[in-house]
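# Tertiary structure, described
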Amino acid sequence: MPGTKRILTIFGTRPEAIKLFPLLHALEADGRFDSRICVSGQHRGMLDQVLQIAEIVPHHDLDLMQPDQTLDALTARLLTGLGEIMDREQPDWVVVQGDTATAMAGAMAAYYRKIPVTHVEAGLRSGNIYHPWPEEVNRKVIGSIAALHCAPTVTAREALLAENTDPGTVHVTGNTVIDALQWISARIEAQPELAGGLAELEKRFAGKRIIGVTTHRRENFGEGMQAIAAAIRRLAARPEVAVIFPVHLNPNVRAVMEQELAGVEDVAMIEPLDYPHFARLLSIAHLILTDSGGVQEEAPALGKPVLVMRETTERPEGVEAGTAKLVGTDADTIVAEANRLLDDQQAWLEMSRAHNPFGDGKSAARICDLLCEHS
Ligand code: UD1
Ligand code: UDP
């Protein structure tokens, strides 16, 4: 259609797919846009889980995941693969999300073609290029290229302005993860069977307090993963506690967890959950242990205390709101902080209030309007 803007949205991993599907739904429904979708396939199974539930059918799928891929080989494959798609699609805008290798390479390939880039979830900064690694540098690279920065919060906008980013290009949109969470919650309410697959575990652990766990950060590989496993083992030894742990498909995570936790009583190590089932896990959990970015945003929205197993966070809003606490990867500290929440009802209640510092569920609509205004 003449006058429509051709938007090429590029993503490749589970969290990007979750945070972009609300925008893809909005672009598809909006006559101002011709929405084109390219997935890199940086993740395979975990990406496909999201595409399926959100009913997203990509126009291009580079399918480039390899087992235990290295950052340099992955980035090289991404740059050439994504560049070729851009040459074919000739988009008016390229949209990337967050801080993965796919997002960084997508922005670079667009820059090499002088195609303007919109960065969704712009301006997150920990201030430490090795925590999280390599995400902190990925997002700084994207930030230096983007023509439109969709900052989820005021803090993120300020971080970009402190780097001398043109203020006219930085807008606070909220984080689309809240749009996604609201969408999936409504789907589950209408069709509870979408999240019914945990019923057996819920029965097995009836009467216990459930700790939900996820971990996958590269900077936690090795010692950090060992310490996290030790902490889980100690917490699960409490008679009233059970752990549900969907284990990330990264072999560096799985190998350690298999070795340290297989067969431990009251620890259910399960395959990655699809989004409705993970939302269900969040809702039944007494507390969450995670090093994930997205989970740090979802847990406060649901009023679930979250102990963040990282040294720094680029998402201080959850900590400021009182729902999240940074505990690092020392086993004694993780266990002490979790025990405090298990033993002290007041401490648990104080962290259990629902806050939404990350968005109001209308971020995708705002980003659509910005894409038009900035075209
Ligand atoms: C990637 C992102 C990280 C993000 C995380 C979300 C980079 C550098 N890292 O980390 O920022 O927080 O995704 O989960 O972009 N694998 C599978 N199937 C899958 C997914 C992964 O088998 O569906 C295995 C493969 O062996 C793959 C490995 O995990 O090589 C690592 O995947 P990769 O995307 O490189 O890194 P993640 O640790 O998943
Ligand atoms: N998630 C999921 N299934 C799981 C674990 C996580 O659907 O088994 C979702 C979670 O709700 C959040 C996102 O995946 O939206 C976070 O992805 P991940 O932790 O892999 O990456 P990060 O957010 O750290 O980049």
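Residues numbered from 1 in each chain as written. Chains lettered and ligands numbered in written order. Predicted model: local features only at pLDDT ≥ 70, side-chain atom pairs only at ≥ 80, totals over all residues. Heavy atoms only, no water.

### Thoughts on the overall build of the protein chain
Heads up, the rule is: Numbering of helices and strands runs from the N terminus; a helix is a DSSP stretch of H or I covering at least four residues, while a strand is a stretch of E covering at least two. When we talk radius of gyration, it's over C-alpha atoms, and the globule rule is simply 2.2 Å times the number of residues to the 0.38. A 1.4 Å probe rolled over the protein chains alone gives each residue an accessible area, and that area as a share of the maximum for its type sets the label: buried under 20%, exposed over 50%, partly exposed in between. Contacts were defined at the residue level, with two residues in contact if any of their heavy atoms lie within 4.5 Å.
Of regular secondary structure, the protein chain possesses 16 helices and 13 strands. Whereas a compact globule of 375 residues would reach a radius of gyration of roughly 21 Å, the protein chain reaches 20 Å, a difference of no more than 12%. Across the 375 residues of the protein chain, 58% fall into the buried class. Relative to all contacts within the protein chain whose residues are 6 or more apart in sequence, the contacts with residues 24 or more apart total 69%.

### Re the pattern of salt bridges
Cut-off, in case you're wondering: The working definition used for a salt bridge is a side-chain nitrogen of Lys or Arg within 4 Å of a carboxyl oxygen of Asp or Glu.
One pass over the full model with this rule turns up 30 salt bridges. A salt bridge links Glu 240 to Arg 238; its shortest N-O distance comes to 2.6 Å. Here Glu 240 falls in the partly exposed class, since its relative accessible area comes to 26%. According to the relative accessible area criterion, Arg 238 is buried, its value standing at 16%. Between Arg 315 and Glu 297 there is a salt bridge, with its nearest N and O atoms 2.5 Å apart. Highlighted residues: Arg 315 in the loop between strand E12 (306-308) and helix H13 (316-321) and Glu 297 in helix H12 (residues 293-302), separated in sequence by 18 residues. Accessibility expressed as a relative area gives 5% for Arg 315, which makes it buried. Look at Glu 297 and you get buried, because its relative accessible area is 1%. Three or more residues joined by partner-sharing salt bridges are found here, namely Lys 19, Asp 99, Glu 121, Glu 136, Arg 139, Glu 297, Arg 310, Glu 314 and Arg 315.

### Observations concerning the sheet that holds strand E4 (residues 93-97)
The condition is simple: Only when DSSP finds a minimum of two bridges between them are two strands counted as paired.
If you trace the 7 strands from one edge of the open sheet to the other, you get E3-E2-E1-E4-E5-E6-E7, paired in parallel fashion. Every interior strand has two partners, whereas the edge strands, strand E3 (60-61) and strand E7 (170-172), have only one. In terms of strand pairing, strand E5 (residues 117-120) meets strand E6 (residues 148-151) through 3 bridges, oriented parallel. Residue pairing across strands places His 119 opposite His 149, the latter belonging to E6.

### Quick word on the site of ligand 2
Rules: For this purpose, a residue is taken to be near a molecule or strand whenever a single non-hydrogen atom of the residue falls within 4 Å of it. By the criterion applied in these results, polar contacts are pairs of N or O atoms within 3.5 Å in which, for protein atoms, one can donate a hydrogen and the other can accept it, and in which residues neighboring in sequence qualify only through two side-chain atoms. What sets the accessible areas is the Shrake-Rupley method with a 1.4 Å probe; for residues, cover comes only from the shown protein chains.
Taken together, 14 residues sit near ligand 2, with Leu 273, Ser 292, Gly 293, Gly 294 and Glu 298 positioned nearest. The contact in question runs from an oxygen atom of ligand 2 to an N or O atom on the backbone of Gly 293, over 2.8 Å. Its free accessible area being 540 Å², ligand 2 has 95% of it covered by the protein chains. Among the secondary structure elements, those contributing two or more residues to the shell around ligand 2 are helix H1 (14-28), helix H11 (275-284) and H12.

### Some words on the nonpolar core
What counts is decided by this rule: The nonpolar core is taken to be a set of buried Ala, Val, Leu, Ile, Met, Phe, Trp, Tyr and Cys residues, with the residues joined through side-chain atoms within 4.5 Å.
In this structure, Phe 11, Leu 23, Tyr 275 and Leu 371 are the most contacted members of the largest nonpolar core, which totals 40 residues. Ranked by the residues each element gives to this core, the list is headed by H1, at 7 residues. Setting aside chain neighbours within four positions, we find Tyr 275 in contact with Ile 18, Phe 21, Val 177, Ala 180, Leu 181, Ile 184 and Glu 298. Counting 34 residues, the second largest nonpolar core, distinct from the first, contains Ile 211, Val 213, Ile 228 and Leu 261.

### Some details on the side chain of His 119
Summarising the element assignment, His 119 is placed in strand E5. Its relative accessible area of 1% is what places His 119 among the buried residues. Filtering out sequence-adjacent residues up to four positions away, His 119 remains in contact with Val 96, Gln 97, Gly 98, Arg 139, Ile 142, Gly 143, Ala 146, Leu 148, His 149 and Cys 150.

### A closer look at the site of ligand 1
To be explicit about the condition: Three residue categories are used. Nonpolar comprises Ala, Val, Leu, Ile, Met, Phe, Trp, Tyr, Cys and Pro, charged comprises Asp, Glu, Lys and Arg, and polar comprises the others, including Gly.
Inspection of the region around ligand 1 gives 25 residues, with Gln 42, His 43, Gln 66, Ala 101 and Glu 135 positioned closest. His 216 places a polar side-chain atom, nitrogen or oxygen, 2.9 Å from an oxygen atom of ligand 1. With respect to ligand 1, the side chain of Asn 250 contributes an N or O atom lying 2.8 Å from an oxygen atom. Here ligand 1 loses 94% of its free accessible area of 750 Å² to cover by the protein chains. Looking at the shell around ligand 1, the elements that each hand over two or more residues are helix H2 (45-54) and helix H3 (71-89). Class assignment of the residues belonging to the shell around ligand 1 gives a composition of 10 nonpolar, 10 polar and 5 charged.

### What about the state of the cysteines?
As a reminder, the rule being used: We call a pair of cysteine sulfur atoms a disulfide when they lie within 2.5 Å.
In total, this model carries 0 disulfides according to the counting rule given. Cys 150 forms no disulfide, and the closest cysteine sulfur to it belongs to Cys 368, at a distance of 9.9 Å. For the unlinked cysteine Cys 372, the closest cysteine sulfur is that of Cys 368, found at 7.9 Å. Judged by its relative accessible area of 26%, Cys 372 falls in the partly exposed class.

### Observations concerning the pairing of strand E1 (residues 5-11)
Selection criterion: For crossovers, right-handed means that the path from the first strand over the helix to the second runs clockwise, given strands pointing away from the viewer.
Within E1, 5 of the 7 residues are buried, which leaves it mostly tucked inside the rest of the structure. Across 7 bridges, E1 lies against strand E2 (residues 33-39) in parallel orientation. What sits directly across from Arg 6, in E2, is Asp 34. Handedness of the crossover joining E1 and E2 through H1 is recorded here as right-handed. As defined by bridge partners, E1 adjoins E4 across 3 bridges and the pair is classed as parallel.

### A closer look at the sheet that holds strand E10 (residues 267-270)
What counts is decided by this rule: Every axis in this analysis is a line fitted to C-alpha atoms, fitted for helices over the stretch in contact. Angles between the N-to-C directions lie between 0 and 180 degrees.
Across the sheet, which stays open at both edges, the 6 strands sit in the order E10-E9-E8-E11-E12-E13 with parallel pairing between neighbours. In the strand order of this sheet, the two ends are held by E10 and strand E13 (324-326), each with one partner. Between one strand and the next, the sheet's axes are offset by a mean angle of 20°, whatever the strand orientation. Against the sheet, helix H9 (residues 223-236) touches strand E8 (209-214), strand E9 (241-246), E10 and strand E11 (287-290), its axis set at about 145° to E9.

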